[in-house]
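What the coordinates show
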Amino acid sequence: MIKRSRIIAFVLIVGCLGGIFAWTVEPIMKNVSLGLDLQGGFEVQYQVDPAKEGQTINEEALKATASALNRRVDVLGVNDPSINIEGETIRVQLAGVKDADKARKILSTEANLTLRDYQDKVMLDGADFVENGAYAGYNDRNQICVFIKLKDASKFYNVTNEVYGKPDKALVIWLDFEEGVDSYATEKVKAKPKFISAPGVNDGPINSETATISGSFTIQEAQELSEILNAGALPTKLTEIYSTSVGAQFGKNALDQTMLAGIIALALVFAFMIYFYRFPGFLACITLTIYCYVMIFVFEKINGVLTLPGIAALILGVGIAVDANIIADERIKDELRKGRTVKAAFKEGNKHSIATIIDAHVTTLIVSIVLFIYGTSSVKGFATMLFISIIVGFCTAVYGTRGLMKLWVDSNFLNNRLGWLHVKKSQVLKLKDVNNDLDIPTRFDKYDFIKHSKKFFIVSLVLTVVGIGSLFISGLNTSIDFSSGSRIEVVSDKSVSVDVVKEKFDELGIKVDDAITADAGAGNESVIVRVKGELSQDQVLQVKSTMSSTFGHEPNISTVSSIIGKELAKNALISVLIASIGIIIYITIRFEWRMAIAAIVSLLHDAFFIVTVFSLIRFEVDLTFIAAVLTILGYSINDTIVTFDRIRENMKKAKKIRSKEEVARIANISIRQTLRRSINTVVTVILTVLAMLIFGSHAIFNFNFALLVGLMIGMYSSVLIAVPIWVFLKGKQVSKTGGIKTEPKKSIEGTV
């Protein structure tokens, strides 16, 4: 008898959730902060050094500097700036800033104001002025000036009296005077001297409580200078080691393209799930919608900044959430084929799938944590979104889909409708005839995956040799993130050639190291130029002015020093190493060390293969490439864990293994039983990545391409590399001991 109350409850729950989403999603989306790669802006990273001899750069000095920079940012009127201390560096992200040059100037100005005589002797400094006492205005000759209140009017009188008695009566006003570098004698003959002004004390000493800074100011420039002086001098010396600026239009194009790609990716995944899993697939689509909503809600509540890699992590997180649904659905279908009732199959399928789902999610969590700890900037944002997506995906898949499905199972509506669950009656066996799960047929029974393992090892070995050769001969086409230098993206509404852009750089006296054309999206074309060495601030200004006037768009410019390039390369290697160690430890605890060794060999195989492909096709290796490699390690270990989990389960059923041939048989059966799940999971993620490749922003094209390559090689290695290695190691144990009992470790099945 059908219990309609369960179906009504389902309709009410889904209807209420739909109403909540429709009512709240728009205000939540409006409150999400966008990164500078999605709305344009400016990012700079400073190395913090002592401002004076004997100063120590400790936590207190770094915090004081960050606080001073925050006061500078207030001058710019930026909403939600991001100022983070990273080691002995400080990273400042100013999304929405339209004038990057103005931002750079205001941030880097040390604001050490000094008044000196013609011999560069300090007459007055910051300690002589009233705090927050600077303001812009007009003098009695109607000139725009900056006025600063003095603490002691008599001292100012004495200073001007002393200057009045000197051969050159100039009282030179300096901002950020560099000892041993700057000189009044040198600068005064220049058309644009470095000092602000040099008023003469020609009419005798001045008795006033206010010093006047005059110069060729606009009212805006005078206001900015007064605000910088009021913000106070920086307590340390800042050296720019990394910077990037993104035009507002470029950011909007990237956002529009990536959102379109995300919508298409979700549509493809939904269609795939409904086609292959029928009604459970439809329920998975509902919970995936819940997943997307909760992700945005959580991200908004933690005041996260959404970046391009962050959106990629959100969309790729769909793959992880789908994987949990597929694992559970496949196990339920397995139980139905044994002849169990729908209720019994639902109970047993969920019981057996939970351990696999937890293991697969924990290993990916390890990768996301490592990325967060050792990543920087956008990679850290990617890791944050990936971490949240794993947690939310697990909850929505395990509790959401299971809860909705239970309502329908308990309603008895599905009892005689196996087609709704995508199970044919011809596939169903009689439960009493099923003596052992190892004997249940699959569509892959004719394939012996272990028998041909040597051939797969040879293929992988050949690819490894090719990769080593390519790395020795060509190396990697590393971006400025690792090799240091400057990257300029010149955007144009019309067709633009590399040669024309190079000519413009030649006119500026800047030597171009490399230049390629690219699609900037939204009908625009671009040329990406790389320059060895760091561009000076003056050169950045010249490049922006020339390219804007010639091509109609402000170029996007990134500059990385050799200091940060080496640090990033080191952190990338540490990330891969620590992620590998973490996975080894977890798999050893949950499974056994032989599976851990096999899994890590497989993962290193995947990582090296991606590196080989990028070396051969000369694609640029940047920060997001490292994120892609580590993400692939997470997905690859997912596949491996699912297969190993089934091997462990089937080993229990065998109770005792007497020969290495029996080890190979169990491995083959386990691969056959899980292969459809592996294929379907990878296909859903590949659909997502393809949508991102075709429709997404070109700024993360290399990231998505690395994922595509990694997903395909990851499934290959999980089945044809990891499992055969385990068979070899386990076979040696069996041969040595003459047989082993397969007593299971304590299981976590059924605990969730």
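Structure: above.
Residues numbered from 1 in each chain as written. Predicted model: local features only at pLDDT ≥ 70, side-chain atom pairs only at ≥ 80, totals over all residues. Heavy atoms only, no water.

1. Description of the overall build of the protein
- Each helix and strand in the protein was counted, giving 20 helices and 20 strands.
- In terms of principal-axis extent, the alpha carbons of the protein reach across some 115 × 60 × 50 Å.
- When each of the 752 residues of the protein is scored for burial, the buried share is 55%.
- Taking all contacts inside the protein whose residues are at least 6 apart in sequence as the whole, residues at least 24 apart take part in 79%.
- Here the protein holds 81 positive side-chain charges and 75 negative ones, and the gap between their average locations is 16 Å. (Helix = DSSP H or I, 4+ residues; strand = E, 2+ residues; numbered from the N terminus. Buried < 20%, exposed > 50% of the residue type's maximum accessible area, 1.4 Å probe, protein only. Contact = heavy atoms within 4.5 Å. Lys, Arg positive; Asp, Glu negative; His and termini not counted. Charge placed at Lys NZ, Arg CZ, Asp CG, Glu CD.)

2. Quick look at the pattern of salt bridges
- Under the defined criterion, the tally for this structure stands at 21 salt bridges.
- Between Arg677 and Asp323 there is a salt bridge, and its shortest N-O distance comes to 2.3 Å. Here Asp323 lies in helix 9 (residues 308-337) and Arg677 lies in helix 19 (residues 660-695), a separation of 354 residues in the sequence. When sorted by exposure, Arg677 lands in the same class as Asp323, which is buried.
- Here Asp645 and Arg648 are joined by a salt bridge, their closest N and O atoms 2.6 Å apart. Placement of the pair is Asp645 and Arg648 together in helix 18 (residues 623-654), with a separation of 3 residues, close to one helical turn. Of the two residues examined, Asp645 and Arg648, each falls in the buried class.
- By sharing partners, the salt bridges in this structure join Asp117, Lys121, Glu162 and Lys166 into a single network. (Salt bridge = Lys/Arg side-chain N within 4 Å of Asp/Glu carboxyl O.)

3. Observations concerning a nonpolar patch on the surface
- Among the surface-exposed residues, Ile369, Phe372, Ile373, Phe387 and Ile391 lie close enough to one another that they form a single nonpolar patch of about 430 Å² accessible area.
- Among the secondary structure elements, those contributing two or more residues to the nonpolar patch are helix 10 (342-374) and helix 11 (378-410).
- Ranked by the residues each element gives to the nonpolar patch, the list is headed by helix 10, at 3 residues.
- Classification of Phe387 by relative accessible area gives partly exposed; the value is 34%. (Patch = residues over 30% accessible without salt bridge, like charges linked within 9 Å, V, L, I, M, F, W, Y side chains within 5 Å. Areas by Shrake-Rupley, 256 points an atom, 1.4 Å probe, with all protein chains shown as cover.)

4. Topic: the sheet that holds strand 10 (residues 210-214)
- Judged by pairing direction, the sheet is antiparallel, and its 3 strands sit side by side in the order 7-8-10 without closing on themselves. Both edges of this open sheet fall to strand 7 (129-138) and strand 10, since each of them pairs with a single strand only. Here the average twist between neighbouring strands, direction ignored, is 25 degrees.
- One ladder, built from 6 bridges, connects strand 7 with strand 8 (residues 144-150); its direction is antiparallel. Its bridge partner lying in strand 8, Ala134 is registered against Ile148. (Pairing = 2+ DSSP bridges. Axes fitted to C-alpha atoms, helices over the stretch in contact; angles between N-to-C directions.)

5. Brief notes about the sheet that holds strand 6 (residues 122-124)
- Read across the sheet, 3 strands follow the order 6-5-9 without closing on themselves; strand pairing throughout is antiparallel. Two strands in the sheet have a free side with no partner beyond their single neighbour: strand 6 and strand 9 (172-175). Adjacent strand axes in the sheet meet at a mean angle of 45 degrees when their direction is disregarded.
- Sheet topology places strand 5 (residues 113-116) next to strand 6; 2 bridges connect them, and they run antiparallel. Its bridge partner being in strand 6, Arg116 is matched across the sheet by Val122.

Keep in mind these numbers describe shape, not what the thing actually does.
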